[in-house]
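What follows is each chain in one-letter form.
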Amino acid sequence: MGKQWYQRRVRVVRGDFDLNSNLPEQKVVTVGQFKIGLIHGHQIVPWGDHDAIAAVCRQLDVDVMVSGHTHKLEAYQQDNKFYINPGSVTGAYSPIERNPVPAFILMDIQASTLVIYVYSLPPEGEMEVKKIEFKKGEKGE
Amino acid sequence: SSGINAEYGREAFNMQRSLDKGQLMDGLRHATEMLNELRTSILPPKNYYELYMMVTMELTHLNMYMSAEFIKENKIADLYELVQHAGNILPRLYLLITVGVVYIRSEECSRKDILQDLVEMCRGVQHPLRGLFLRNFLLTSTRDVLPDDETQASDGGTIEDSINFILLNFSEMNKLWVRMQHQGHSRDRTKREQERLELKLLVGTNLERLSRLEGVTVDKYEKQILPAVLKQLVNCKDSIAQEYLMDCIIQVFPDEFHLRTLENTFLDTCCHPQSQVNVRNIIISIIGRLSNFAQADPANIPDDIKLFDIFSVKVTQIIQSRSDMPPEDILALQSALIKLALNVYPSETGYVNQVLQDTLSIFQKEESRAKGCSGELSKLLRVPVDHYQDILVVLQLDAYPKLFSFLELGTRRDLCVYIAEHVIETDTLIYSHEQVDMLWSMLECLVAGGPDDTTVDPEDFECEQALVGRLVHQMTSTVPDQQFLILSTCKKHLTAGGDRRIQYTLPSLIFRAIHLCRVYHELREEDEKWEKKVTKILQYINSLLSSLVKAEFWDLSLRLYLQAALVCDTMGISNAETVGYEFMSQAFAIYEEEVSDSKAQLIAISLIVATFEQTRNFSEENHEPLRSQCFRAGSKLLKKPDQCRAVGLCSHLYWSGRNREGEGEPLRNSTKVLECLKKAVRISNQCMEPTVQVQLFVELLNKYVYFLCNGCEEVSESVLSQLIGKIQEDMPGLESGEITRQIVKHFESTLGFVTHRQLLST
């Protein structure tokens with residue numbers, strides 16, 4: 001599993017502490033019928049602002065916008081677009097989110113349906129899994 | 001040898017035929033001829049053994065014939081007499097043994113006398129190879145007829161007689177075996193020794209037979225058997241015999257016997273100055289056995305037998321008395337002792353430390369004894385780490401880190417890396433600053449470096465230091481005051497690492513300190529000194545940041561200053577505000593003086609603006625200069641598009657930015673927002689590239705849309721329409737291409753959004 005194996009399978013965008021790196025600021029990945037935008041999120045002012053993120057979504061012309069930086073776990077629909085913030089997998093310190101809940105998200109795409117499985121570990125609790133579905137072009141709740 | 005096989009085969013056949021015809025005398029004559037083949041001197045041991053096996057198998061036919069025939073007719077005694085007249089001694093003795101066993105089974109004689117007779121008469125064959133096999137035949141033939149009782153049976157013979165029988169056979173066999181060493185030319189010595197080893201089982205079987213006697217009690221073993229065997233071992237002065245037979249003793253006799261004889265008899269002989277034996281293997285073997293015995297059931301070891309003490313003392317004696325013992329042997333012995341301590345006395349960490357201390361003393365007294373032992377010593381030092389799975393226990397062993405100085409630098413580093421990885425993988429938490437101090441001291445070569453620093457591969461070095469950075473996170477206490485002591489201790493050690501290391505290691509500390517501020521803030525109701533403590537932590541952070549700045553890590557320290565500023569902001573105390581302002585200033589200073597690449601500048605100023613936007617507790621007295629500073633810095637960027645974007649970002653500061661006076665409410669300064677955006681538009685107008693211009697216009701349009709959606713009054717519909725009009729005007733004139741296509745799409749999505757949200761009434 002050398003470098004090339006990873007390069008074919010892993011997509012990386014630049015984070016605020018990625019110094020001296022040639023990583024791109026943002027990326028668009030097409031999977032099935034979905035165009036997915038990736039950005040770390042520290043570039044978006046204000047951090048975590050839904051409207052500001054939506055502006056990036058428009059700029060990249062994607063159906064799904066994945067951003068992070070805030071360590072705040074979110075998955076929501078807005079104006080026919082789907083927004084995902086997978087939080088922090090380790091629950092690491094964040095200046096803006098007190099006591100982040102460790103979480104990660106798996107995404108499954110079949111034709112025009114996108115399903116995410118949100119795994120999170122609340123304090124003093126068992127791991128929870130939540131399933132959310134997003135159909136392209138459909139209005140969400 | 002095929003000739004010999006043919007000979008014996010023929011005689012064997014004839015013997016059988018005679019016996020079938022009931023002609024015993026003829027049978028015996030043929031048997032004698034067959035046995036004559038065993039008188040050969042030309043066969044090497046392996047081949048002699050094959051011949052021996054075939055011949056002695058034929059003798060079982062004779063045995064069976066005699067058992068059947070002569071027991072009927074009560075003429076065994078005569079037969080026993082008869083076979084003693086065979087010509088050559090070797091066939092004579094084989095026949096005598098064969099008949100003797102039948103005789104014993106007939107119960108017509110004194111068993112004791114016959115056995116005594118046989119074992120003595122075998123002295124007649126002094127040729128080592130032939131003698132060994134002959135006596136082996138004696139031992140195996142008498143397997144089932146040795147008396148095994150205390151009380152004398154009717155036909156004579158007690159367990160005592162059996163013991164004496166076997167002991168005599170054993171010592172005679174050993175003498176023969178040792179004699180082989182001195183036969184022949186010195187140049188053939190290796191070959192001879194190899195042949196001797198092939199025959200070792202013959203001698204060892206005596207001991208094994210002894211161990212199978214049911215009547216052999218631990219007393220008999222202690223008082224009679226072991227002393228006799230050891231005497232033979234010591235007196236023969238032969239290292240092959242000593243080594244094999246010591247090991248044999250360990251293997252064949254039960255653990256209870258060893259326990260009884262351990263301290264005074266067995267180990268003393270082992271360490272006897274005349275003993276040539278490879279003490280290392282013997283000791284390790286016996287320790288291993290008794291270890292397993294103890295682990296199987298702790299009750300197996302009587303309370304008065306302090307296994308560890310016994311072995312510990314002995315091993316020290318052995319090492320001291322053999323000044324030429326190589327380091328790998330010394331360490332192998334210590335390793336066996338440590339494993340004994342860990343497995344049999346798991347709660348006695350003192351024992352483990354004692355072994356380490358003894359090793360340390362040996363090496364300190366005579367440094368040359370440690371030469372070349374790095375690999376073995378390193379293996380030894382991993383044992384407690386692997387066993388306890390808890391570095392905190394290892395830290396209790398005060399002799400442990402002192403041994404590190406005897407490791408070569410490369411091996412030492414590897415061990416430190418191993419320990420660090422182990423702590424992380426087991427997620428061991430080190431919760432007191434004393435323990436933290438000890439651990440960092442132990443890992444000194446990793447943390448502070450050594451003379452070999454420059455020779456380490458840069459990638460390896462980076463991995464190692466990243467490991468150190470991760471290790472910081474394992475050092476944590478839930479008690480905030482203790483956590484601060486931990487952080488101070490870490491600082492002491494990690495700053496000694498020098499400029500090459502701190503870029504990897506200090507960020508962890510800084511984030512831990514930042515986190516600690518939050519903890520104190522959360523507990524502020526319960527701790528009246530919390531403000532003072534937070535101030536102290538901020539000073540701590542500042543000092544670490546200064547180190548990074550001094551070492552010229554600009555990008556890193558700029559970002560860390562911003563993170564630190566954010567935490568200052570959440571403290572809500574005036575001390576913290578001052579420090580926070582100072583941190584922001586430092587970030588700006590670095591930005592202005594040290595970030596020279598234009599791409600890096602845009603990234604840096606964007607981050608400063610984004611971070612500053614999050615603060616809410618700067619008084620206006622501090623907030624205003626910072627706002628202006630952001631704006632100024634943005635508008636001074638070299639490239640127009642960068643200026644445009646940076647200034648555009650600043651608009652948010654006037655909208656969602658907060659100061660203390662607002663008490664949590666955002667500034668909502670519409671006028672300034674529009675001013676910013678208009679400035680950005682003006683800057684776009686100054687861009688020469690039409691494509692870039694229009695691209696910027698569309699981005700700014702989205703900013704307008706954002707503020708309009710969020711209720712910013714100055715960003716009116718007309719302002720929006722105006723910009724839309726401008727874009728629509730310029731768009732057709734753009735060169736076709738991918739970028740233009742994207743800009744058009746962006747514009748259309750934006751218009752779509754405007755329509756969808758009904759932002760324009762027209």
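Preceding this paragraph is the structure being described.
Residues numbered from 1 in each chain as written. Chains lettered and ligands numbered in written order. Predicted model: local features only at pLDDT ≥ 70, side-chain atom pairs only at ≥ 80, totals over all residues. Heavy atoms only, no water.

Visitor: Quick question: what am I supposed to make of the overall build of chain B here?
Guide: Along the backbone of chain B there are 35 helices and 0 strands. For 762 residues, the compact-globule estimate of 2.2 N^0.38 gives 27 Å, and the C-alpha radius of gyration of chain B, at 46 Å, exceeds that figure by more than 25%. In terms of principal-axis extent, the alpha carbons of chain B reach across some 140 × 60 × 50 Å. Counting every position in chain B, which comprises 762 residues, the buried fraction comes to 54%. (Helix = DSSP H or I, 4+ residues; strand = E, 2+ residues; numbered from the N terminus. Rg over C-alpha atoms; globule rule 2.2 N^0.38 Å. Buried < 20%, exposed > 50% of the residue type's maximum accessible area, 1.4 Å probe, protein only.)

Visitor: Quick question: what am I supposed to make of the pattern of salt bridges here?
Guide: A side chain with one charge may pair with a side chain of the opposite charge, provided their charged atoms come close. Counting across every chain of the model gives 35 salt bridges over all chains. Of the charged contacts, one joins Glu522 of chain B and Arg98 of chain A as a salt bridge, the two residues approaching to 3.0 Å between their closest N and O atoms. Taken as a pair, Glu522 of chain B in helix α25 (residues 499-522) and Arg98 of chain A in the loop between β5 (81-86) and β6 (103-110) lie in two separate chains rather than in one. What makes Arg98 of chain A partly exposed here is its relative accessible area of 32%. A salt bridge links Arg559 of chain B to Asp555 of chain B, with the shortest nitrogen-to-oxygen separation between them at 3.9 Å. Taken together, the positions of Arg559 of chain B and Asp555 of chain B, both in helix α27 (residues 554-571) and 4 residues apart, correspond to about one turn of that helix. Since its relative accessible area comes to 7%, Arg559 of chain B is described here as buried. Each of Glu120, Arg123, Glu172 and Lys175 of chain B takes part in a single network of salt bridges with overlapping partners. (Salt bridge = Lys/Arg side-chain N within 4 Å of Asp/Glu carboxyl O.)

Visitor: Would you take a moment to explain the sheet that holds strand β4 (residues 73-78) of chain A for this structure?
Guide: Think of a sheet as strands paired side by side through backbone hydrogen bonds, with each pair either parallel or antiparallel. Residue and element names in this part refer to chain A. Spatially, 5 strands are ordered β1-β2-β3-β5-β4 in an open sheet, and the strand pairing comes out mixed. Bordering the open sheet on either side are β1 (26-31) and β4, each of which pairs with just one other strand. Across the sheet, the mean angle separating the axes of adjacent strands is 15° when strand polarity is ignored. Relative to strand β2 (residues 34-39), β1 runs antiparallel, the two sharing 6 bridges. Looking at the pairing, Thr30 lines up with Lys35 of β2. Sheet strands in contact with helix α2 (residues 50-60) are β1, β2, β3 (64-67), β4 and β5, and its direction is about 65° off that of β4. (Pairing = 2+ DSSP bridges. Axes fitted to C-alpha atoms, helices over the stretch in contact; angles between N-to-C directions. Contact = heavy atoms within 4.5 Å.)

Visitor: Whenever I open this one, the packing of aromatic side chains confuses me. Can you help?
Guide: Ring pairs (aromatic) are described by centroid distance and by the angle formed between their planes. All names here are of chain B. All told, the structure shown has 26 aromatic pairs over all chains when counted by the stated rule. On the numbers, 4.9 Å between centres and 35° between planes, the contact of Tyr221 with Phe257 is tilted. Of this pair, Tyr221 sits in helix α11 (residues 218-236) while Phe257 sits in helix α13 (residues 255-270), and the two are 36 residues apart along the sequence. Exposure remark for Tyr221: the relative accessible area of 0% places this residue in the buried category. Exposure remark for Phe257: the relative accessible area of 10% places this residue in the buried category. (Phe/Tyr/Trp six-rings, centres within 6.5 Å; stacked < 30°, edge-to-face > 60°.)

Visitor: Help me understand the interface of chain A and chain B, please; the structure alone is not making it clear to me.
Guide: Interfaces are frequently sized by the accessible area removed from exposure as the parts join. On the side of chain B, 35 residues touch chain A, which itself brings 27 residues to the contact. The largest contributions to the chain A side of the interface with chain B come from Arg58, Tyr93 and Arg98 of chain A, which together make up 27% of the buried area. Across the contact surface, chain A and chain B share 3 salt bridges. Between chain A and chain B we count 12 residue pairs in polar contact (both at pLDDT 80 or more) in total. A total of 5 residues in the side of chain A that touches chain B trace back to one element, the largest contributor, which is α2 of chain A. The residue makeup of the side of chain A that touches chain B, split by class, is 10 nonpolar, 7 polar and 10 charged. (Buried area = accessible area lost by both parts, 1.4 Å probe. Polar contact = N/O pair within 3.5 Å; in protein donor to acceptor, adjacent residues only side chain to side chain. Nonpolar A, V, L, I, M, F, W, Y, C, P; charged D, E, K, R; others polar.)

Visitor: Explain the environment of Ser557 of chain B here, please?
Guide: Residue and element names in this part refer to chain B. With respect to the helices, strands and loops of the structure, Ser557 is situated in helix α27. Counting along the chain gives 153 residues from Ser557 to Phe404, while the straight-line C-alpha distance between them is 35 Å. When residues no more than four places from it in sequence are discounted, the contact partners of Ser557 are Leu545, Leu548, Val549 and Ile590.

Visitor: Even after reading the chapter, I still don't get the nonpolar core, so can you show me in this structure?
Guide: Here is a general trend for soluble globular proteins: nonpolar side chains tend to be buried in one another's company. Judged by nonpolar contacts, the single largest core of 284 residues is most densely connected at Ile249, Ile419 and Ile541 of chain B. At 12 residues, helix α8 (residues 159-181) of chain B tops the list of elements feeding residues into this core. The contacts of Ile541 of chain B, once residues within four sequence positions are left out, are Ile510, Ala513, Ile514, Ala564 and Phe583 of chain B. Formed by 15 residues, the second largest nonpolar core is a distinct cluster that contains Val29, Phe34, Phe82 and Ile109 of chain A. (Core = buried A, V, L, I, M, F, W, Y, C linked by side-chain atoms within 4.5 Å.)

Visitor: Sorry, what's going on with the side chain of Gln43 of chain A here?
Guide: Topologically, Gln43 of chain A is positioned in the loop between β2 and α2. In terms of polar contacts, Gln43 of chain A uses its side chain to reach the side chain of Glu25 of chain A, at 2.9 Å. The residues contacting Gln43 of chain A, other than those within four sequence positions of it, are Arg14 and Glu25 of chain A together with Leu649 of chain B.

Visitor: Help me understand the sheet that holds β6 of chain A, please; the structure alone is not making it clear to me.
Guide: Residue and element names in this part refer to chain A. Ordered by their spatial adjacency, 3 strands build an open sheet running β6-β7-β8, and the pairing between neighbours is antiparallel. Of all the strands in the sheet, the pair left with one neighbour each is β6 and β8 (128-135). Pairs of neighbouring strands in the sheet enclose a mean axial angle of 20°, with direction left out of account. Where strand β7 (residues 113-120) and β8 come together, 8 bridges link them in antiparallel fashion. Bridging from a neighbouring strand, Leu114 pairs with Phe134 of β8.

Visitor: What should I look at first to understand a nonpolar patch on the surface in this one?
Guide: A contiguous nonpolar surface patch, about 330 Å² in accessible area, is contributed by Trp5, Tyr6, Val10 and Val12 of chain A. By the secondary structure assignment, Val10 of chain A is in the loop between α1 (3-9) and β1. (Patch = residues over 30% accessible without salt bridge, like charges linked within 9 Å, V, L, I, M, F, W, Y side chains within 5 Å. Areas by Shrake-Rupley, 256 points an atom, 1.4 Å probe, with all protein chains shown as cover.)

Visitor: Explain unusual backbone geometry to me, please; I cannot follow it from the model alone.
Guide: Residue and element names in this part refer to chain A. Cis geometry marks the peptide bond from Val45 to Pro46; its omega dihedral reads -5°. Summarising the element assignment, Pro46 is placed in the loop between β2 and α2. At Asp61, a residue that is not glycine, the phi angle is positive and equals roughly 55°. Given a relative accessible area of 22%, Asp61 falls into the partly exposed group.

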